[in-house]
Amino acid sequence: MLVLKNIAQVITLQGGTAPRSGDSMSELGIIENGAILIRAERIVWIGPTKDLPVREMGVRYQSLDGSGLNLVALPGFVDSHTHPVFGGTRADEYDLRSRGKSYQDIAAAGGGIRASVRQLRAATLNQLVERAELYFWHFLSYGTTTIEAKSGYGLSLEDEVKSLKVLAVLRGKSRLEIIPTFLGAHDIPDEYRESREKYLRLVIEEMIPRVAQDGLAQFCDVFCDEGYYTVEEARTVLLAARQAGLDLRIHADQLAHSGGSRLAAEMRVRSADHLDWISDGEIEALSRTGTVATLLPGSTFNLGNAHYPPARKLIAAGVPVALATDFNPGSCFTLNMQLILSLACSQMKMTPAEVITAATINGAHSLGVSDRLGSLEEGKQADIVLMDVADYREIPYFFGINHCVVVIKKGNIIINGLEKA
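Residues numbered from 1 in each chain as written. Predicted model: local features only at pLDDT ≥ 70, side-chain atom pairs only at ≥ 80, totals over all residues. Heavy atoms only, no water.

Asker: Just checking my understanding: could you explain the overall build of the chain for this structure?
Answerer: Of the regular secondary structure elements, the chain holds 15 helices and 16 strands. Projected onto its principal axes, the C-alpha coordinates of the chain cover approximately 70 × 45 × 45 Å. Per-residue burial for the chain yields a buried fraction of 60% across its 421 residues. Accessible surface, the chain: about 16,200 Å² in total, of which carbon and sulfur atoms supply 48%. One way to put it: in the chain the 42 positive side-chain charges average out to a point 3 Å from where the 50 negative ones average out. (Helix = DSSP H or I, 4+ residues; strand = E, 2+ residues; numbered from the N terminus. Buried < 20%, exposed > 50% of the residue type's maximum accessible area, 1.4 Å probe, protein only. Areas by Shrake-Rupley, 256 points an atom, 1.4 Å probe, with all protein chains shown as cover. Lys, Arg positive; Asp, Glu negative; His and termini not counted. Charge placed at Lys NZ, Arg CZ, Asp CG, Glu CD.)

Below, the structure written as structure tokens:
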């Protein structure tokens, strides 16, 4: 048994089976001076420390005691949009953007996603595993215990399968929980620039069936945006993926108002991501679907854009909002969800309570794992992080700092910074 006790605030997010929207995004279910009792992988009791059950005779207990410390416990972050399998950085493009080049300018010159494609194709599976494994440890160190992880830098049958096999290897090695997504429709590779219809057929007729047959991914995603995939092309990809048994996600309206949000509502995808340029009408349409709007302010910030996703409009309309890092080598090279919470508060005017909800239970809903992840409740998986703050609002308030001192995954203490205190 593992006991956490005398925790200044336990953020439970208890209750409900639907993703949080509207006012419910502010309902954190806080227990002051709380305690949590864990047996094996599951939470078996949660409440005030004063009500902690009497210890069972003959059972060995391990305790983490917050007495004299300022600690806040919350569910491990669920980062529901990442691109962690790649062969190298694109620091040269970061330099170019600082000199005035746009993301679109760099992509048009052969950089961007296609640069990452060339790097990934040149890397072996083992090299990709070693690189991703290091990043996965960093995710954990910042309090993220579950990620959605996309392919998308291979853009050939062989290299997309290689990318997803990297994730399969790491699902067996890493303490980080990994939910894989196929993103073969990320860009058009160099060899198909003059025959994009042939590449689309490759995605639909060969890649999707192979990925589904081999059980390499749970989701299929598509980059529906200006300069990438049109609404009609994206619809074709998503329909083929749905028929193959994959669940659906979509990159929509990040770079321009391209119609991706409308398609997301039409197809009732699990998650519509980015949404920087979503219209009021599309927000209203999404509000009727149950689709989670996954917002990625780190990308907007890192690309130097001033136009952030309209989080307040989405929340007011009743659309459930999640937050994620968009960790990738081109537009957002951070895996720190705590920083994303700060950006969401300062740039999108979400409240500290809303961003905690968006980074935990709503991210879990977007991945279809909210029955066991995203909140602290009896019977749920014990994925818990302890932050070295006196109040949950200090997590985004002290921005750029790693507050995470303890990480518990499936009831096991993975990181324990309290031992150094």
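That shown, we press on.
Asker: Can you walk me through the nonpolar core in this structure?
Answerer: Nonpolar side chains tend to gather and get buried jointly when the protein is soluble and globular. Counting 108 residues, the largest nonpolar core has Ile250, Leu323 and Met350 as the members making the most contacts within it. Counting residues in hydrophobic clusters, the runner-up holds 19 residues, among them Leu2, Leu4, Ile31 and Ile38. (Core = buried A, V, L, I, M, F, W, Y, C linked by side-chain atoms within 4.5 Å.)

Asker: Honestly, the packing of aromatic side chains in this entry has me stumped. Any pointers?
Answerer: When we look at a pair of aromatic rings, we describe it by the centre distance and by the angle of the planes. Across all of its chains, the model carries 11 aromatic pairs by this definition. Seen from their ring centres, Tyr397 and Phe398 are 5.0 Å apart, and the 70° between their planes marks the pair as edge-to-face. Among the residues examined, Tyr397 registers a relative accessible area of 59% and is labelled exposed. In this structure an aromatic cluster arises from ring pairing among Phe86, Tyr135, Phe136, Phe139, Phe327 and Phe333. Positioned over the ring face of Tyr229 is Arg196, at 5.8 Å from the centre of the ring. Across from the ring centre of Phe219, 4.6 Å away, lies the NZ or CZ of Arg249, which sits over that ring. (Phe/Tyr/Trp six-rings, centres within 6.5 Å; stacked < 30°, edge-to-face > 60°. Lys NZ or Arg CZ within 6 Å of the ring centre and 35° of its normal.)

Asker: Mind showing me how you'd approach the pairing of strand β10 (residues 247-252) here?
Answerer: Strand residues, when the strand is regular, have side chains that alternate between the two faces of the sheet. Of all six residues in β10, five are buried, a share of seventy percent or more. Pairing between strand β9 (residues 219-224) and β10: four bridges, direction parallel. Across the sheet, Phe219 pairs through a bridge with Asp247, a residue of β10. One crossover worth recording links β9 to the parallel β10 by way of helix α7 (residues 231-243), and it is right-handed. Where β10 and strand β11 (residues 271-274) come together, four bridges link them in parallel fashion. (Pairing = 2+ DSSP bridges. Right-handed = clockwise from strand over helix to strand, strands pointing away.)

In short, geometric facts, not functional conclusions.
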